[in-house]
Amino acid sequence: MNYDWQAGIALLGTWMALTYVGRKIAFSIPAVARMREWNRKEDEERLAKAKYPPIVKQNRLIGAVAYGLFFFVVAPLFVNLQPVPLWKAALDIAAVLMVYDFFYYLMHRFLFHGPILLKVHALHHQARDPSHIDSAYVHPVETVMGTTLFLGTVLGMVALLGSYNAFTLGVLFWIWVELNTVNHTKCELPNFPFKTINRLIHKHHVHHINMGMGNYATITMLYDRMFGTLD
Ligand SMILES: [Zn+2]
Ligand SMILES: [Zn+2]
């Protein structure tokens, strides 16, 4: 096992560049820019409440520590710069997301909505009609569990595959982080090309209406459809 710092930089650079460019392109579309303004206004109102800033701050700190350790200590031990065909990269990304979403579905449905962690998860469900900032209005225990599940799924795939292309992992991180943020935003973009993402966001908002609603997965609706919990 060797520490490939160049592949580590490529991974972090890919994630940061995609985040920057992706947001630049998205917000250059007037309809998306209007959504951002809407969410900013809603976020301001929430952050003015005393209960929001400490929780948001705690989650950002947990994220910074977990990602810092992952990007600078763990990932350079298994990422590489060996080229992979596009189909393989797409398959690697889809595999991690589908495996993660399956276990997240189980964790969300049976642990967060189960007797032991219901109180922990109830904090996030205080947001009945969420906006952007509510993606960070989560009990720290839940944040640690969700982040561990995602990073654990990546490491599980590495154990199976041996190593991982840095650019592929950068794209994977970008998709995961952006989906977990965007699914709490206020969004009314029912037409192409936003139809699918709009539907996914809407489903998560339905889940927030009360704790009895389904839609436990976050990446796709596949598992909710399979297990009959699509609301
Ligand atoms: Zn829930
Ligand atoms: Zn949520």
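The structure this text deals with has already been given above.
Here's what I pulled together on the structure shown here. (Residues numbered from 1 in each chain as written. Chains lettered and ligands numbered in written order. Predicted model: local features only at pLDDT ≥ 70, side-chain atom pairs only at ≥ 80, totals over all residues. Heavy atoms only, no water.)

1. A closer look at the overall build of the protein
Then step 1. A count of helices and strands for the protein gives 9 helices and 2 strands.
Then step 2. Helices and strands in the protein line up, N terminus first, as α-α-α-β-α-α-α-β-α-α-α.
Then step 3. For the protein, the spread of C-alpha atoms along the three principal axes comes to 45 × 45 × 35 Å.
Then step 4. Counting across all 231 residues of the protein, residues that qualify as buried make up 45%.
Then step 5. For the protein, long-range pairs separated by at least 24 residues make up 74% of all intrachain contacts whose partners lie at least 6 apart in sequence.
Then step 6. Approximately 12,300 Å² of the protein is accessible, and the part contributed by carbon and sulfur atoms is 70%.
Then step 7. Side-chain charges of the protein comprise 20 positive and 15 negative groups, with the mean position of each set lying 2 Å from the other. (Helix = DSSP H or I, 4+ residues; strand = E, 2+ residues; numbered from the N terminus. Buried < 20%, exposed > 50% of the residue type's maximum accessible area, 1.4 Å probe, protein only. Contact = heavy atoms within 4.5 Å. Areas by Shrake-Rupley, 256 points an atom, 1.4 Å probe, with all protein chains shown as cover. Lys, Arg positive; Asp, Glu negative; His and termini not counted. Charge placed at Lys NZ, Arg CZ, Asp CG, Glu CD.)

2. Here's the deal with the packing of helix H3 (residues 52–74) against helix H6 (residues 140–161)
Then step 1. Close contact between H3 and H6 brings their axes to 9 Å; oriented N to C, the two are set at 20°. Judged on the interaxial angle alone, H6 and H3 are roughly parallel. Like other packed secondary-structure pairs, H3 and H6 cross with a definite hand, here right-handed. Contacts between H3 and H6 involve Gln-58, Asn-59, Ile-62, Ala-66, Tyr-67, Phe-70 and Val-74 on the former and, on the latter, Pro-140, Thr-143, Val-144, Thr-147, Leu-151, Val-154 and Leu-155. (Axes fitted to C-alpha atoms, helices over the stretch in contact; angles between N-to-C directions. Parallel < 35°, antiparallel > 145°, perpendicular 65-115°, else oblique. Left-handed = near helix turned anticlockwise from the far one by under 90°.)

3. Remarks on the environment of Trp-15
Then step 1. Mapped onto the elements, Trp-15 comes out in helix H1 (residues 5–27).
Then step 2. Trp-15 gets classed as buried once you look at its relative accessible area, which sits at 14%.
Then step 3. Spatially, the C-alpha atom of Trp-15 lies 9.1 Å from that of Ile-175, the residues being 160 residues apart in sequence.

4. Some remarks on the coordination of the zinc ion (ligand 2)
Then step 1. The zinc ion (ligand 2) binds to the protein through His-124 (NE2), His-184 (NE2), His-204 (NE2) and His-208 (NE2); the donor distances cover 2.0 to 2.1 Å.
Then step 2. In this structure, the zinc ion (ligand 2) is surrounded by 4 donor atoms whose angles at the metal cover 90 to 168°, and the resulting shape is irregular.
Then step 3. Of note, the donors binding the zinc ion (ligand 2) are all from one chain and are spaced H-x59-H-x19-H-x3-H. Taken together, the residues span a long stretch of sequence, with His-124 in the loop between helix H5 (118–122) and H6 and His-208 in helix H8 (residues 195–209) at a distance of 84 residues.
Then step 4. For His-124, a relative accessible area of 5% translates into the label buried.
Then step 5. A relative accessible area of 0% places His-208 in the buried class. (Donors = N, O, S within 2.8 Å, 3.2 Å for Na, K, Ca; no water. Tetrahedral: all angles 85-135°; square planar, octahedral: opposite > 155°, others 65-115°.)

5. Quick word on the packing of helix H4 (residues 86–112) against H6
Then step 1. Relative to each other, H4 and H6 sit at 145°, their axes nearing to 10 Å. The handedness of the crossing between H4 and H6 comes out as right-handed. In this structure, H4 contributes Asp-92, Ala-95, Val-96, Val-99, Tyr-100, Phe-103, Tyr-104, Met-107, Leu-111 and Phe-112 to the contact, and H6 contributes Glu-142, Met-145, Gly-146, Leu-149, Phe-150, Thr-153, Val-154, Met-157 and Leu-161.
Then step 2. When its residues are assigned to classes, the contact of H4 with H6 shows 15 nonpolar, 2 polar and 2 charged. (Nonpolar A, V, L, I, M, F, W, Y, C, P; charged D, E, K, R; others polar.)

6. Some words on the coordination of the zinc ion (ligand 1)
Then step 1. Around the zinc ion (ligand 1), the donor atoms from the protein are His-108 (NE2), His-113 (NE2), His-121 (NE2), His-125 (NE2) and His-207 (NE2), and they sit 2.0 to 2.2 Å away.
Then step 2. Mapping the donors of the zinc ion (ligand 1) onto the primary sequence gives the spacing H-x4-H-x7-H-x3-H-x81-H. Highlighted residues: His-125 in the loop between H5 and H6 and His-207 in helix H8, separated in sequence by 82 residues. Here His-125 matches His-207 in class, with each residue buried.

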